[in-house]
Amino acid sequence: MNNHVLKSLVFVIPFAFFFLSFVSLKTETLEEKVEKLKKERKLVAFHPENDKVKNRRYSNKGIIDLGKTLFHDKVLSRNNNVSCASCHENTKGFSNGERFGTGTHGNKTVRNVPHLYNLDMNMSFFWDGRATSLDEQLGMVITSKDELDMDFTEIVTRLKANETYKLKFDSLFPGDGVTKKTFSQAVIAYEKSIQSYGSLYDKYLDGDTSVFNEKQKKGFELFITKANCITCHKGVNLTDAVFHNVGVKTDDIGRSKIDKIGMSNEFNSTPYPFFSTFKAFKTPSLRNVKNSAPYFHDGSKKTLRDVVEMYNKGGENPDQTGLAKEIRPLGLNEQELEALVEFLGTFSSPNEY
Ligand code: HEC
Ligand code: HEC
């Protein structure tokens, strides 16, 4: 090899490498992208049997069934007219198909009724995360004037007066019977049993890529690339468990009420990330999302199509304060919007509750 050839190789080889890596980037398949994100634990199929927190769940079927009966019983409300299931209906994705719930006094709730799938994985509860455990959450929903307007003493009295309940509690909780604690234990056991898994999406991640049609594949690709949904809707429960302002047009100040930031106008002067909780809400899990319309904390979007159109615009709130930096116009065309909606349908689980 003469000097001239060697010299030109010095130039050609790095260029060839650069060119090849560029080509391979361009042609990375959906499967390859998914494999990478699986390694980063951003895409995770749910297998309850492998779940580390399994031990925390109540596995006693009797207690779960009792919890289910209580969940559907109107005796839990002040006027005997509303049960948990009146707002959280299992046939409506554990929401109620309406913008707001209707409480025991006929009033509307302030926010949309959220679904209850995979609650055990949540770090906080309610749209603004103001409860940090299911016990705390239950106490709030029982006593809230907007919802059941009850107290635990009255619930225990009513349940004790009912012979069937009394016997059931006595046999399931020997020595304790009906108490605030055993009542809560039963309701929470049922709540934790509402698990969403075994969906097409889980199957795809488990390696059976044939379960998706072309549209769903296209939608998945968008979800993890151009549409950038994966930054917040990630992990086994498709949520990052924190709070963001995604540009919903609303007067509800959301999480900043809890953090006591953004109450007056200090969010105008406090630098990011402090004002980032202004109008921010908990990223909801997208498990079974197709079933629980309408959407967002205010139930303002009737369909998933409306939701993705809002994201495509980069939000709709004219007040940009606190808007998450990931929210910006996405430039998705008609077919891409359709594909994304089709993909969101793959999170639905065949389970019954
Ligand atoms: C009147 C309608 C209504 C009734 C009745 C009701 N809820 Fe809710 N529930 C809601 C609304 C609305 C929210 C969200 C409120 C918020 O975020 O400010 C909610 C939130 C929740 C959450 C938090 C979910 C999450 O992802 O953060 C749980 C858990 C829950 N409810 C369980 C129950 C249980 C158990 C009962 C019965 C004891 C019950 N609810 C009764 C309307 C209702
Ligand atoms: C910056 C974080 C973030 C990004 C990016 C994001 N989301 Fe969300 N998502 C949220 C939050 C937070 C909410 C609740 C907002 C509210 O109610 O005001 C939400 C709500 C939703 C809901 C409504 C669920 C329900 O139960 O009401 C759907 C559906 C949804 N997102 C899908 C998507 C899709 C599809 C994308 C990509 C185009 C996306 N999200 C991008 C954080 C995000």
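Our structure's up above, just so we're on the same page.
Not measured: the values here are computed from a predicted model.

Visitor: How should the site of ligand 1 be read in this particular structure?
Guide: Ligand 1 sits among 27 residues. The nearest are Cys 84, Cys 87, Gly 101, Phe 126 and Trp 127. Secondary-structure elements contributing two or more residues to the shell around ligand 1 are helix 4 (84–87), helix 5 (134–143) and helix 8 (180–193). Considering every element that reaches the shell around ligand 1, the biggest residue donor is helix 5, with 4 residues. Of the residues in the shell around ligand 1, the class split is 16 nonpolar, 8 polar and 3 charged.

Visitor: Mind showing me how you'd approach the environment of Gly 314 here?
Guide: With respect to the element layout, Gly 314 can be found in the loop between helix 13 (304–313) and helix 14 (334–344). You can call Gly 314 partly exposed: it has 16 C-beta atoms within 10 Å. Linking Gly 314 and Arg 328, residues 14 residues apart in sequence, is a C-alpha distance of 3.9 Å.

Visitor: Looking at this structure, I do not really get unusual backbone geometry. What am I missing?
Guide: Negative phi values dominate among residues other than glycine, just as trans dominates among peptide bonds. The amide bond that connects Ala 293 to the next residue, Pro 294, takes the cis arrangement and shows omega of -5°. Relative to the assigned elements, Pro 294 resides in the loop between strand 2 (281–282) and helix 13. Non-glycine residue Phe 94 carries a positive phi angle of around 60°. One can find Phe 94 in the loop between helix 4 and helix 5. Even without being a glycine, Asn 288 presents a positive backbone phi close to 60°. Relative to the helices and strands, Asn 288 is located in the loop between strand 2 and helix 13. On the neighbour-count criterion, Asn 288 (22 C-beta atoms within 10 Å) is buried.

Visitor: Whenever I open this one, the site of ligand 2 confuses me. Can you help?
Guide: Taken together, 26 residues lie near ligand 2, and Cys 229, Cys 232, Tyr 295, Phe 296 and His 297 sit nearest. Here the shell around ligand 2 gets 4 residues from one element, more than from any other, and that element is helix 13. Taken together, the residues of the shell around ligand 2 break down into 18 nonpolar, 7 polar and 1 charged.

Cut-off values and rules
- Residues numbered from 1 in each chain as written.
- Chains lettered and ligands numbered in written order.
- Predicted model: local features only at pLDDT ≥ 70, side-chain atom pairs only at ≥ 80, totals over all residues.
- Near = placed C-beta within 6 Å.
- Helix = DSSP H or I, 4+ residues; strand = E, 2+ residues; numbered from the N terminus.
- Nonpolar A, V, L, I, M, F, W, Y, C, P; charged D, E, K, R; others polar.
- Buried ≥ 20, exposed ≤ 12 C-beta atoms within 10 Å, placed from the backbone.

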